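For reference, the chains in residue letters:
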Protein chains: 4
Amino acid sequence: MNVIVWNEYYHERRHPEICEFYPGGIHGYLQSVLECDDVEVSTATLDDPECGLTDETLDQTDVLVWWGHAKHHLVPDEVVERVYKHVIAGMGLIVLHSGHFSKIFRRLMGTSCTLKWRAKDKERVWTVMPEHPIAKGVPESFSLDPEEMYGERFDIPAPEELIFLGWFKGGEIFRSGCTWRRGHGKIFYFQPGHEDYPTFCNENIQTILRNAVRWACPEEKNIAVDFPNNIFKLIYMNFHLFYNI
Amino acid sequence: MNVIVWNEYYHERRHPEICEFYPGGIHGYLQSVLECDDVEVSTATLDDPECGLTDETLDQTDVLVWWGHAKHHLVPDEVVERVYKHVIAGMGLIVLHSGHFSKIFRRLMGTSCTLKWRAKDKERVWTVMPEHPIAKGVPESFSLDPEEMYGERFDIPAPEELIFLGWFKGGEIFRSGCTWRRGHGKIFYFQPGHEDYPTFCNENIQTILRNAVRWACPEEKNIAVDFPNNIFKLIYMNFHLFYNI
Amino acid sequence: MNVIVWNEYYHERRHPEICEFYPGGIHGYLQSVLECDDVEVSTATLDDPECGLTDETLDQTDVLVWWGHAKHHLVPDEVVERVYKHVIAGMGLIVLHSGHFSKIFRRLMGTSCTLKWRAKDKERVWTVMPEHPIAKGVPESFSLDPEEMYGERFDIPAPEELIFLGWFKGGEIFRSGCTWRRGHGKIFYFQPGHEDYPTFCNENIQTILRNAVRWACPEEKNIAVDFPNNIFKLIYMNFHLFYNI
Amino acid sequence: MNVIVWNEYYHERRHPEICEFYPGGIHGYLQSVLECDDVEVSTATLDDPECGLTDETLDQTDVLVWWGHAKHHLVPDEVVERVYKHVIAGMGLIVLHSGHFSKIFRRLMGTSCTLKWRAKDKERVWTVMPEHPIAKGVPESFSLDPEEMYGERFDIPAPEELIFLGWFKGGEIFRSGCTWRRGHGKIFYFQPGHEDYPTFCNENIQTILRNAVRWACPEEKNIAVDFPNNIFKLIYMNFHLFYNI
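Remember, it's a predicted structure, so these values are computed and weren't measured experimentally. (Residues numbered from 1 in each chain as written. Chains lettered and ligands numbered in written order. Predicted model: local features only at pLDDT ≥ 70, side-chain atom pairs only at ≥ 80, totals over all residues.)

**Student:** Go over the overall build of chain A, please, and point to the residues and values.
**Tutor:** The helix and strand tally for chain A stands at seven helices and nine strands. Taking all contacts inside chain A whose residues are at least 6 apart in sequence as the whole, residues at least 24 apart take part in 70%. (Helix = DSSP H or I, 4+ residues; strand = E, 2+ residues; numbered from the N terminus. Contact = placed C-beta atoms within 7 Å.)

Here's what the structure looks like:
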């Protein structure tokens, strides 16, 4: 299985104190978390040519993990459209924390993806679907102290599966772990992961991310075969449009 | 629209101090809350013959509101089956608080309906589907202090709509307002409403219950017409079974 | 309630024989179908300035009905974005037939919305959710002969409600009547309605469309109040983004 | 992985001509279809003591496949309750064809599970979720000629996933492949499989059943550990009930 961790890689360079948690950036840290015998993980960042997300790269990718926050608007629309097509063709997508506002997540959801937020609070993550593969080995609840508060109403389409709920000491709740399918691709949004706190060092968070990557991996890994198929349908339909005129 | 509020009516008589909140029992109180120009509300309790739920009564009923707690096991199975058939035929059902463990709710859900609980906590109810008719006029969040804590994991089928989430000061969360359809009937489960606290006196709770009753009312009020139809299908199928032997 | 029927109004002018069914175009015909005591219906077409869909107009609109086919690409992106924001803010949207490929539907679904098609077949529409308000008064099944065949796989997010299924004589099936929510808005996609056949003259089709318009109408009709709210949240979030940099 | 195929084993003995397709009964045939390197398959029938479904047996079972038709009423309620608890605890359940009317399926669905039927028709099965693990290797559509017609409205709770749709030459459609979760258990209902026709000899049907068994297998195979947990919660709740009285 081939995974890419994408990171805008901005905060870590501007605020090097973050690198205490994440030497080599969030992407580098997550790479080390996710890599194992049968999972190869590479990374890509905003500054790479084409954001490191060419068709050649995405053709080889089973699951894309996305972390972005302050620079969503700098991801070119054509890169977003390329990632979008690969998700529709079957590539899994894991969107982390502030990635809720990324172009690719909003493109796939079709909603504003707005939410409430407040700095530094204590969170308790509850597992409401313990039987789900993403929750395998995850306790009934665990704490993150501190984590940034994300609160409802989160403007998303009704999740197809609601796996985790977040409780915040300050009084808010959040649908913290949600799945959807778009086309042939599986999508998992997971709320924890603020850049100022060592969230990704938490053992339960790591278990969830490892599970999520396996869950999001498409049945048919050769998505290159599937993708032209889709394109064909599009051409077929366009032919239809002209034929009828 | 015709509504029946059903109450086991046990705690109020054994612990008369509860009657300070609910003169005439929870059923009597809810009757006064729900009654209005176009909504006629009657009541029924465990001690009534057939629990007050004969076919004649249910034929005339659009929505049944259910409150029970300590005496679920005393509701006869044939009454449960009768209510069940009316829900399948289109009667709305609102299940309140400890009614999660009633025979009728478990019959319709097909799950154990277990949950966590703890006495006396502060709850904050969050509206996650503000656009839903049951949430009309309900603020983004409101507090109940005290309310009994109900916590996840709540063993229910995935709700078709998740309208409210409950936050508890002690650290738990709960899917507090959920809907499902079974047959032609609409079901709303709502978590607040412990007998020891004046929950039903809360203005927002009253708004939600009034909305829920309207939402659960079937499109076709003459469920008597629909019900034999269903029976017919059952007979038709049984014929099938024998025919094939 | 205020409804706008939008039509690209191309086929009727190029192929005037269609006007036998729909004098004044599909939009004019649907206007006459939908108009009644408490429903005011106006129309808009591709050739109107701003496609007839300014913010002033949409502010006054509860439900937008969309018919388009050959000219989806001519609807300006800023009009699509404007309609999109109004749906997120609560405006209902009914998308008919070939509108599956409209920019606005694809924007809200987040998928390719591709499907199979074949000219002229016999369709039988089956009601799988007879209890749904959109199915009120609609028989268990009814025929459309001819109708264009639309077949699976239809690349849409899993419908929140699947109300109608289409059977085609040539061997295909289709999820013909589906609902979703996006933001505060309700969306209904309905497959029948090819321009070459008198589909909209069918009494059951008319019942469904009248029901759909009532179903899609938002609880809070003053969506102008809701909309700035949403904008505020967006500004609030953007502030967040800059604050963190 | 351990699988049990349960069969009422009535038609095959009364109408031995069926044994041409299914030497040793439907259960024996399905055993040979499902068995492979890492899947051990045993069988059980109505005539076995306790229907062959004791707690000891079910404790060792990951997935139960159910075929029944004319003798649903002869399955003792305590066996149904035992199977039910194992599904809630995580055991997968595959319900085939006329098993829609089995006690266990109706218990888990909470609806009447009625449907339409007609003898001998041609069916075409369409894959509407090609990306689902149960559809892996299954073509876009395939034919069964003959198969018994099952038609809507099928009175089930809205499927969590709708994987296959059935088209029948006579004019009906059916939600032929549906999934739900109940407690920790996954459930797949699949419509084809009438005893008079060689449906289970079809290669695509066999692929689907093999896939379904893998899909329904719980993450945590040691369901014995999980089950007491559930029981504990139930006791805990009952304590609650008495404590409050």
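**Student:** With reference to specific residues and values, describe the pairing of strand S5 (residues 116–127) of chain A.
**Tutor:** The sheet contact formed by S5(A) and strand S6 (residues 141–151) of chain A spans eight bridges and is antiparallel. Bridging from a neighbouring strand, A:Arg118 pairs with A:Met149 of S6(A). (Pairing = 2+ DSSP bridges.)

**Student:** Which residues make up the relation of the copies chain D and chain A, and what values do they have?
**Tutor:** Between chain D and chain A, which share one sequence, the superposing operator has a rotation angle of 180° and an axial displacement of 0.0 Å; the RMSD is 0.0 Å. Such values leave the two copies arranged in the relation of a two-fold axis. Ranked by how close their C-alpha atoms come to the rotation axis, the residues of chain D are headed by D:Glu160, at 4.0 Å. The fraction of interface residues of chain D whose copies in chain A are also interface residues reaches 100%, indicating that both copies meet through the same surface. (Least-squares fit on C-alpha atoms with pLDDT ≥ 70 in both.)

**Student:** Would you mind going over the sheet that holds strand S7 (residues 161–168) of chain D in detail, with residue names and values included?
**Tutor:** Residues and elements named next belong to chain D. With respect to topology, nine strands assemble into an open sheet ordered S2-S1-S3-S4-S9-S8-S7-S5-S6, the strand pairing being mixed. Both edges of this open sheet fall to strand S2 (40–45) and strand S6 (141–151), since each of them pairs with a single strand only. Pairs of neighbouring strands in the sheet enclose a mean axial angle of 25°, with direction left out of account. When strand S1 (residues 2–7) meets strand S3 (residues 63–67), the two strands line up parallel, connected through five bridges. When the bridges of S3 are listed, Val 3 appears paired with Val 63. Where helix H6 (residues 203–216) meets the sheet, its contacts fall on S1, S3, strand S4 (92–96), S6 and strand S9 (185–190), and the angle it forms with S9 comes to roughly 165°. (Axes fitted to C-alpha atoms, helices over the stretch in contact; angles between N-to-C directions.)

**Student:** Explain the sheet that holds strand S5 (residues 116–127) of chain C to me, and be specific about the residues and the numbers.
**Tutor:** Residue and element names in this part refer to chain C. As summarised here, the arrangement of the nine strands in space is S2-S1-S3-S4-S9-S8-S7-S5-S6, forming an open sheet in which the pairing is mixed. Sheet topology places strand S2 (40–45) and strand S6 (141–151) at the edges, where each strand pairs with a single neighbour. Strand after strand, the sheet turns through a mean of 25° between neighbouring axes, direction not considered. Here strand S4 (residues 92–96) runs beside strand S9 (residues 185–190); their pairing, made up of four bridges, is parallel. By the bridge assignment for S9, Val 95 is matched with Tyr 189. Where helix H2 (residues 25–34) meets the sheet, its contacts fall on strand S1 (2–7), S2 and strand S3 (63–67), and the angle it forms with S1 comes to roughly 155°.

**Student:** Tell me about unusual backbone geometry, residues and numbers included.
**Tutor:** In this chain, C:Asp145 is followed by C:Pro146 through a cis amide linkage whose omega measures 5°. Position of C:Pro146 relative to the elements: it lies in strand S6. At B:Lys120, a residue that is not glycine, the phi angle is positive and equals roughly 40°. Structurally, B:Lys120 is set in strand S5 (residues 116–127). Under the C-beta neighbour-count criterion, B:Lys120 is labelled partly exposed, with 13 such atoms within 10 Å. Of note, the phi angle at D:His97 is positive, near 45°, even though the residue is not glycine. (Buried ≥ 20, exposed ≤ 12 C-beta atoms within 10 Å, placed from the backbone.)

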